[in-house]
Amino acid sequence: MTLPRAALQRFRLRAPHQRLQATVRLWCAICSKASRTFGSEDTVLLEFRTAPALEEFAAVVSAALSTHQPNRRQRDAIEAGPRVPLLVVAGPGTGKTTTLVLRALRFTFVDGIAPEDILITTFTEKAGREIRSRLIEWGTSLRAYLIAKARDAGDEEHVRHLTKVDVNRYIAGTLDSICEDAVRDMREPNEAPPVILEPSAARAVLYRRGEVWSELQKLGDPFKAYLGRYGFSGDPTRNNGEATEIVRTIIDRLVQDRVNLSSYAAPHTDKVFRQAILRIKERYESHLSRTNQMDFALLEQRFLDRLVAGRLPRSMQSLHMLLVDEYQDTNPLQEAIYFELVLRTGCSMTVVGDDDQSLYRFRGATIELFRDFRERASAELGCGEPQLVCLEENYRSSEQIVEFFSQHIGNDPDFEPARVILPSPLQRRVVSTSGHAGIGVIGMFRDDPATLAADLADFLHRVFRQGGRIPLSNEDTLLEPILPADPGGDLGDAVLLASTVNERGRPFRGQPGKERLPLHLRQELETRGLKVFNPRGLALRDIPIVQQFLGLVLECIDPAPSPGSRGVGQQAAFLTNDAHDFMDQWRVAAQSMLTFNSRGPRGDLLSDKVDRWRRFAVHGRDSESEWPVLDICYSFLPWFSRFQDDPEAQVYLEAITRTVAAASTFSGYKAAIQRDEPHRTRSINGAIRDVLNPIAENLVAVDEEIMPSVPRDRLNIMTIHQAKGLEFPLVIVDVSSDFKTNHRTQRFKRFPDEESSVVLLEDDLAAVTPVGPARQRRSGMQRTFEDLIRLYYVAYSRPQSLLMLVGCQQGLQFRTSIKNVAKFWRRDESWAWVSDPRLRPPPVDADLLPFIRI
């Protein structure tokens, strides 16, 4: 019998200590009694009498799942052979996840590959849960259908085979989670499992152990200006939190872009600052190594290093199929991992994604890896040219919505060369299967954000509390319902998307930032008995309930001798002025709460609870030798009912407790207050420095994904990045509520006049990273505009029934020159909504507006 090429390749590439196991597996494959033979395309094809043939699988899926058959393009992707890699370009709403799951199930039920030998990676944990859920649900139904069919035909051998198929054993999840499991599995006998730091904890460790503050003090304003180049606005960093976040980004890119560090440190105009970054990186990574900790970038690097050394985790030693979701957001390090897995195991590779929906360049995502996948895979894997399938039938949105976002992505001719080049006769298009809707796209534009918020709140109240009917502009007559009648519908069916969801702008000269649309809308909806869900609207340190809560903790472990003063521990903790200012605010909030001195549910006074902890922290009076800070936090929950009842507050509480728990992994006293001196004073200083200071320095972000679902009775307010992969019946996109004038400081959000900070970092690293030439095939300004085009393409493709554009109406007047990519302005400064640009001023033609104004 001739063994398949892929199996022999897997055998040849294994490390010597794995070859005995590989030999046993290959011999078992030869002698198997399951009546299997290797197919013409190096797969194991089932030869049971009632096993479905490949061309029958679509019909089997339809019958087993009681659904329509996959469309022609989906079938092309599901049925494509595994001899060479497969690239699936999947437009929005075209059933990407369905296709990915059915391709995995096809390999199990048609080709006979065990679920545990199929690996699927996803971009987010939520997507991973969704794919696992479908694999189990659909796999169970398929198996039951095929078992019944085999029994009816008397094919007991096939029945016995199917009963052994465990659909719970597919390997599916984010690459980070899979790397974590693999690295733990690949440990030496005497090697302890690493502790993986979540991002907020990693930032806190970087700031303290990497001594970011030290380099800021040493190099001063020039270093702040250097870091500011890579920040959101391009301005010099204003505090340690901003500086640490940017340093974190640069260090991650050094790892993810596989930068040659010797070349990075070579003579350069920014050599002094680059060397400072490398010093911080070295101190940070040395600390992690000593304490057996890793961040996610280092975790992926560790996994790749072990793969290159010939070590495979047990779960991947018989890997047959690798399927990668959202490949357009892959970085060079992750690409290297995928290619190395294919080379080490001989598995087949399938990648799915959409270059038009790539949003994460700022996290290191390299869209060029997706755009050039066929060439890169052929070169790196030594295989033939990968197959290409384009999914085009949109099952999500109405015809008008699909036409709108298709017009947007095709509006600027200069964008086309940045996309995946399709061989003839393939075409890049998305077609709606939902047909024409009564109303598909509408727009609401007003003079200022406050007026816009009031009218938008009225609109939402009409839709969700008054039968879903709206008036057109200057009309009192109510039109037909804009959303399908749904007795279970509520405000949670709508979402407001924006580039940022901050409720206030940046503070200026000690004054709070200006109120933005999310805050105005929150206030207007509350007057109408409606609520929003926007836990990212304010920084954690600025939220009143968080200030009260943390102020109580601070007053317990480090009481101020008098109102308006600071505790001894806070003064001794070497904090920045910024951190001191926020802790002072927290103390004031807590002292105000203590003035009312309310009782808890059990009748105990708040002051008594605070005094109980003070007796321990200040005087060491207790039978216990230590008390965890987390216990102190939990003891105050009875006085904060919002932490138990309010979804936003629950997200805040999770962020606080996550910070405390993370500090217990790296803080000297494990985030616990000691009873006896000198450890009591030191542990208090440690708690202030490692638990409270990261929040005061704005190093801790909330994680709203802890909520299993967004509350149904609240309006979701999300960034466009957060909404990636989601869909809603009603999507409201803020395209211009911040743009009343053509001010230079906000042009980067709408029509850039200089390269973005993300592109600047890419170009600065281009000469020292292998992917530099691929990125620089497009100029910096081209990449900057392309990112903005893709951002709003994702926003416009989220709705199922209705898309609504909102903003200030000054941007609809050509004479104001408030150019905006979201409003179909092109990079050459032409505008698709102007009928005759030769007129002065050129009028915006209502007939050219691709939406109905209300």
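Residues numbered from 1 in each chain as written. Predicted model: local features only at pLDDT ≥ 70, side-chain atom pairs only at ≥ 80, totals over all residues. Heavy atoms only, no water.

Engineer: Report on the overall build of the chain, specifying residues and quantitative values.
Structural biologist: Counting its regular elements, the chain contains 31 helices and 21 strands. Taken over 854 residues, the chain has a buried fraction of 56%. Taking the intrachain contacts of the chain between residues at least 6 apart in sequence as the baseline, contacts between residues at least 24 apart amount to 77%. A total of about 35,600 Å² of accessible surface is found on the chain, and carbon and sulfur atoms cover 49% of it. (Helix = DSSP H or I, 4+ residues; strand = E, 2+ residues; numbered from the N terminus. Buried < 20%, exposed > 50% of the residue type's maximum accessible area, 1.4 Å probe, protein only. Contact = heavy atoms within 4.5 Å. Areas by Shrake-Rupley, 256 points an atom, 1.4 Å probe, with all protein chains shown as cover.)

Engineer: Could you give me a rundown of the nonpolar core, with the residues and numbers involved?
Structural biologist: By size, the foremost hydrophobic cluster in this structure holds 133 residues, and its most contacted members are Leu-227, Met-349, Phe-549 and Phe-636. The biggest single contributor to this core is helix α27 (residues 647–666), with 10 residues. Beyond its immediate sequence surroundings of up to four residues, Leu-227 is in contact with Leu-216, Thr-237, Ala-243, Ile-246, Val-247, Ile-250 and Ile-277. Within the second largest apolar cluster, 44 residues are counted, among which are Ile-409, Phe-415, Val-731 and Leu-812. (Core = buried A, V, L, I, M, F, W, Y, C linked by side-chain atoms within 4.5 Å.)

Engineer: Requested: an account of the packing of helix α21 (residues 544–557) against helix α24 (residues 606–619), with residues and values cited.
Structural biologist: Contact pair α21 / α24: the axes reach a minimum separation of 7 Å and the direction vectors enclose 45 degrees. With respect to their mutual orientation, α21 and α24 come out oblique. For the pair α21 and α24, contact is made by Leu-552, Glu-555, Cys-556 and Ile-557 and by Leu-606, Val-610, Trp-613, Arg-614 and Ala-617, respectively. Partitioned by chemical class, the residues of the contact of α21 with α24 number seven nonpolar, no polar and two charged. (Axes fitted to C-alpha atoms, helices over the stretch in contact; angles between N-to-C directions. Parallel < 35°, antiparallel > 145°, perpendicular 65-115°, else oblique. Nonpolar A, V, L, I, M, F, W, Y, C, P; charged D, E, K, R; others polar.)

Engineer: For helix α20 (residues 517–527), give the residues involved together with the corresponding values.
Structural biologist: Every buried residue of α20 is listed here: Leu-517, Pro-518, Leu-519, His-520, Leu-521, Arg-522 and Leu-525. After α20 finishes, the residue Gly-529 shows a positive phi value of roughly 80 degrees.

Engineer: I'd like a description of unusual backbone geometry, backed by residues and values.
Structural biologist: Across the junction of Glu-677 and Pro-678, the peptide omega takes the value 0 degrees, indicating a cis bond. One can find Pro-678 in the loop between β17 (672–674) and α28 (679–696). A positive phi angle, close to 55 degrees, is found at Arg-258, a residue other than glycine. Tracing the chain through its elements places Arg-258 in the loop between α11 (240–256) and α12 (261–264). Even without glycine at this site, Lys-670 takes up a positive phi of about 55 degrees. Within the element layout of this structure, Lys-670 appears in the loop between α27 and β17. Residue Lys-670 is classed as partly exposed on the basis of its relative accessible area, which comes to 48%.

Engineer: Provide a residue-level description of the pattern of salt bridges, including the pertinent values.
Structural biologist: The tally for this structure, following the rule as stated, stands at 73 salt bridges. The salt bridge involving Glu-215 is made with Arg-283; its shortest N-O contact spans 3.0 Å. Taken as a pair, Glu-215 in helix α10 (residues 212–228) and Arg-283 in helix α13 (residues 271–290) lie far apart in primary sequence, 68 residues in all. Two residues, Arg-566 and Asp-584, come together in a salt bridge whose shortest N-O distance is 2.8 Å. Separated by 18 residues along the polypeptide, Arg-566 in the loop between α21 and α22 (568–571) and Asp-584 in helix α23 (residues 577–596) bring together distant segments of the chain. Given the relative accessible area of 21%, Asp-584 is considered partly exposed. Connected via shared salt-bridge partners are Arg-253, Asp-257, Arg-361, Glu-368, Glu-762, Asp-763, Arg-775, Arg-783, Asp-787 and Arg-790. (Salt bridge = Lys/Arg side-chain N within 4 Å of Asp/Glu carboxyl O.)

Engineer: Any chance you could break down the packing of aromatic side chains for me, citing the residues and the numbers?
Structural biologist: Centre distance and the angle of the planes are the two values used to describe a pair of aromatic rings. Under the counting rule described, the total for this entry stands at 24 aromatic pairs. An angle of 35 degrees between the planes, with centres 5.7 Å apart, marks the rings of Tyr-360 and Phe-362 as tilted. For Phe-362, a relative accessible area of 36% gives the class partly exposed. Measuring from ring centre to ring centre gives 6.0 Å for Trp-831 and Trp-833, while their planes differ by 35 degrees; the resulting arrangement is tilted. Aromatic ring contacts, followed pair by pair, group Phe-404, Phe-445, Phe-751, Phe-785, Tyr-792, Tyr-796, Phe-824, Trp-825, Trp-831, Trp-833 and Phe-851 into a single cluster. Positioned above the aromatic ring of Trp-613 is the side chain of Arg-612, whose terminal nitrogen or guanidinium carbon lies 4.8 Å from the ring centre. Here the basic side chain of Arg-750 rests over the ring of Phe-739, its NZ or CZ set 5.6 Å away from the ring centre. (Phe/Tyr/Trp six-rings, centres within 6.5 Å; stacked < 30°, edge-to-face > 60°. Lys NZ or Arg CZ within 6 Å of the ring centre and 35° of its normal.)

Engineer: Tell me about the sheet that holds strand β4 (residues 118–122), and name the residues and values.
Structural biologist: Strand order in the open sheet formed by six strands is β5-β4-β8-β9-β3-β10, and the pairing between neighbours is parallel. In the strand order of this sheet, the two ends are held by β5 (171–174) and β10 (387–391), each with one partner. Neighbouring strand axes in the sheet, compared pairwise and without regard to direction, differ in orientation by 15 degrees on average. In this sheet, strand β8 (residues 321–324) lies alongside β4 in parallel orientation, the contact comprising four bridges. Note that in β8 the partner of Thr-121 across the bridge is Val-324. The sheet strands contacting helix α5 (residues 96–109) are β3 (86–90), β4, β8, β9 (348–353) and β10, and the helix crosses β4 at an angle near 170 degrees. (Pairing = 2+ DSSP bridges.)

None of the figures reported here should be taken as evidence of function without further support.
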